[in-house]
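Fold and geometry: a report
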Amino acid sequence: MHMEFKTLSGRVFSEQQAIDLLVSLTSSDANSEKKWRGFYNSLSPAELQQEWNDHWSSN
């Protein structure tokens, strides 16, 4: 399954770009990418889209 994420402004990110962006926004330790990948993989597509929407609507 291929997923894309769209910001409220219309910018589109691939799955990898979304993970990279979230890691860069929250990189506080050497394991941040591993943690975000685990978080990403633990959510259903609908849950992940909601997390994405919540993040972008609060910024």
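Please read all numbers here as calculations on a predicted model, not as lab measurements.

**Describing the overall build of the chain**
- Helix and strand content of the chain: three helices and two strands.
- Counting from the amino terminus, helix and strand elements in the chain follow one another as β-β-α-α-α.
- Within the chain, the proportion of its 59 residues that are buried is 22%.
- Considering only residue pairs separated by 6 or more positions, the chain has 43% of its internal contacts joining residues 24 or more positions apart.
- When the accessible area of the chain is evaluated, it comes to approximately 4200 Å², of which 51% is carbon and sulfur surface.

**Examining the confidence of the model for the chain**
- Confidence along the chain averages 76 in pLDDT terms, with 85% of residues attaining 70 or more.
- Taking the mean pLDDT of every element in the chain, the minimum, 73, falls on helix H2 (residues 32–42) and the maximum, 85, on strand S2 (residues 12–14).

Calculation rules
- Residues numbered from 1 in each chain as written.
- Predicted model: local features only at pLDDT ≥ 70, side-chain atom pairs only at ≥ 80, totals over all residues.
- Heavy atoms only, no water.
- Helix = DSSP H or I, 4+ residues; strand = E, 2+ residues; numbered from the N terminus.
- Buried < 20%, exposed > 50% of the residue type's maximum accessible area, 1.4 Å probe, protein only.
- Contact = heavy atoms within 4.5 Å.
- Areas by Shrake-Rupley, 256 points an atom, 1.4 Å probe, with all protein chains shown as cover.
- pLDDT = per-residue confidence, 0-100.

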